[in-house]
Amino acid sequence: MKVAVLALQGAFIEHENMLQKLGVDCVELRQRADLDKDYCGLVLPGGESTVQGKLLHELGMFDVLQTQINSGLPVLATCAGLILLAERISNDQAVYLATLPVTVRRNAYGRQLGSFHTEAPCQGLGTIPMEFIRAPYVEAVGPGVDVLATVDTRIVAVRYKKQLGLSFHPELTGNPAVHKMFLQML
Amino acid sequence: MEQKRYELNKELAQMLKGGVIMDVTTPEQARIAEAAGACAVMALERIPADIRAAGGVSRMSDPAMIKGIQAAVSIPVMAKCRIGHFVEAQILEAIDIDYIDESEVLSPADDVYHIDKTRFRVPFVCGARDLGEALRRIDEGASMIRTKGEPGTGDIVQAVHHMRMMNRAIANIRAMRTDELFDEAKRLQVSYTLVQYVHEHGRLPVVNFAAGGVATPADAALMMQLGAEGVFVGSGIFKSGNPEKRANAIVKAVSNFNDAQMIASLFENLGEAMVGINAQEIELLMAERGK
């Protein structure tokens, strides 16, 4: 069993380290040819969504990845990854993969001085640590989307079919609960 | 600064990895940089090549100009303050900057002390020529390190030299017996716990970018292959013939730094690179500022 990690820009090594600790091998996706490799799950890491979204298009990866996700490839998307998946971004013209029927707000907590750490309950996992780094949150969800976690009434984790979208960074906390939940979806 | 804030600040640097941070002097340049795939921009009044040409004292930028750039883009905005000038840093924190670069590119305000960065909530990146400098800056509260290179020259040799020195020193500490670490900490003038961290993990405790003299996609990929986790590009973009195309190419070269085929095609018809100055030809060595 191999899990692909989008490795165009951002904190992808952190996800790989977490998955490797859980005994899972990773494949890095850096260009079109990598999308033909054998994997049964996908991680979209944190970073800058503008950079990752642009590179997905310009490196010819966008359509193939979108088709893979729409065909049921399980996805764990954190922070910028959540923005890539969202159908709508309320404060930005851009739309990327649009496979997850939610509306997100980018940089919703402001600049770096608005970044914070908290602990909150996440459905099925109990209370887990959460790192929010210039994070987005979910403003509205479409039909079929489960809200897994909220912080101060803001939605910060959702699940839709095989897609898991988080505002925060489970890969930075040392707590493997979210990754374990993702591996169960494969 | 509470420990949690420091962790969050180190983590923002982690999010920038694999990316290119570009120097910009106007909102218009900032928009070009963002569209070309910059993961952050560095707002400054003049790019290093022009600072060099102009001479004189170089200071923090006008806050109004920085705010204009903050309003123009959605990616993180960094800005430079002078080494040791903690009031410039306070001002940058007051205008909600995402990262402060306590930078040798500007004229130092203090010839002995760096800023006590632990007193700030906002994160700092600092330049370092070798492991000792890097760890001293981290002791002072820096949450990200970059090589000093020799800014504004378009000459990569200094950045390469600094990165190699850093890697060699890290490998050396990794190979030491634990009873040798105490003396190494004394020799480097840094705290023992940082030396212990390097010994255990074989890397700096914060993200390490390359900076200074990056002018081409090949320069950027060279620094990545040498172990940089991302790249700052200063004068190299907006002093070149076709800034937009060059910026795009450097971004792709950083994310696929091991693919020579791709870098070859990125390199084609890029237009004129910035005119380089050899580091030996210049009178002012910025990397010598602040040790």
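Residues numbered from 1 in each chain as written. Chains lettered and ligands numbered in written order. Predicted model: local features only at pLDDT ≥ 70, side-chain atom pairs only at ≥ 80, totals over all residues. Heavy atoms only, no water.

Draft legend 1. Seen up close, the pairing of strand β12 (residues 163-166) of chain A. Residue and element names in this part refer to chain A. Here β12 shows a buried face lined by Q163 and G165 and a second buried face lined by L164 and L166. Of the strand pairs in this sheet, strand β4 (residues 75-78) and β12 are connected by four bridges, and their pairing is parallel. Looking across to β12, one finds that A77 is bridged to G165. Counting the residues between successive antiparallel strands, the hairpin from strand β11 (residues 154-160) to β12 contains two residues, one of them, K161, with a positive phi of roughly 50°. (Buried < 20%, exposed > 50% of the residue type's maximum accessible area, 1.4 Å probe, protein only. Helix = DSSP H or I, 4+ residues; strand = E, 2+ residues; numbered from the N terminus. Pairing = 2+ DSSP bridges.)

Draft legend 2. Spotlight on the layout of surface pockets. For the largest pocket, the calculated volume is near 1,100 Å³. Lining the largest pocket we find 41 residues, and of these E14 of chain A together with Q14, K17, R203 and E229 of chain B sit closest to its centre. Elements with a minimum of two residues in the lining of the largest pocket: α1 (12-21) of chain A together with α1 (3-16), α7 (157-174), α9 (192-201), β7 (207-209) and α12 (243-255) of chain B. Among the elements that line the lining of the largest pocket, the one with the most residues is α1 of chain A, at six residues. Considering only residue class, the lining of the largest pocket consists of 17 nonpolar, twelve polar and twelve charged. Approximately 230 Å³ is the volume attributed to the second largest pocket. (1 Å grid on protein atoms, 1.4 Å probe; cavity = no way out; pocket = protein on both sides within 12 Å on 5 of 7 lines; lining within 4 Å. Points joined across faces, edges and corners; volume = space filled by probe spheres on them. Nonpolar A, V, L, I, M, F, W, Y, C, P; charged D, E, K, R; others polar.)

Draft legend 3. Local environment of unusual backbone geometry. Residue and element names in this part refer to chain A. Although it is not a glycine, C79 sits at a positive phi angle of roughly 55°. Tracing the chain through its elements places C79 in the loop between β4 and α4 (80-85). Not every positive phi belongs to a glycine, and K161 is a case in point at roughly 50°. By secondary structure assignment, the location of K161 is in the loop between β11 and β12. When its relative accessible area of 63% is taken as the criterion, K161 is described as exposed.

Draft legend 4. Quick look at the environment of R289 of chain B. All names here are of chain B. Position of R289 relative to the elements: it lies in the segment after α13 (260-267). Spatially, the C-alpha atom of R289 lies 9.8 Å from that of G127, the residues being 162 residues apart in sequence. At 3.0 Å, the side chain of R289 forms a polar contact with the backbone oxygen of L106. (Polar contact = N/O pair within 3.5 Å; in protein donor to acceptor, adjacent residues only side chain to side chain.)

Draft legend 5. Up close: the packing of aromatic side chains. Scanning the entire structure with this criterion turns up eight aromatic pairs over all chains. Ring geometry for Y109 of chain A and Y137 of chain A: centres 5.3 Å apart, planes at 75°, overall edge-to-face. Residue Y109 of chain A is located in the loop between β6 (100-105) and β7 (116-122), and its partner Y137 of chain A is located in strand β9 (residues 137-141); the two are separated by 28 residues in the primary sequence. Of the residues examined, Y137 of chain A reaches a relative accessible area of 8% and is grouped as buried. When the ring of F120 of chain B is compared with that of F124 of chain B, the centres are 5.2 Å apart and the planes differ by 75°; the resulting orientation is edge-to-face. The same class applies to F120 of chain B as to F124 of chain B, namely buried. (Phe/Tyr/Trp six-rings, centres within 6.5 Å; stacked < 30°, edge-to-face > 60°.)

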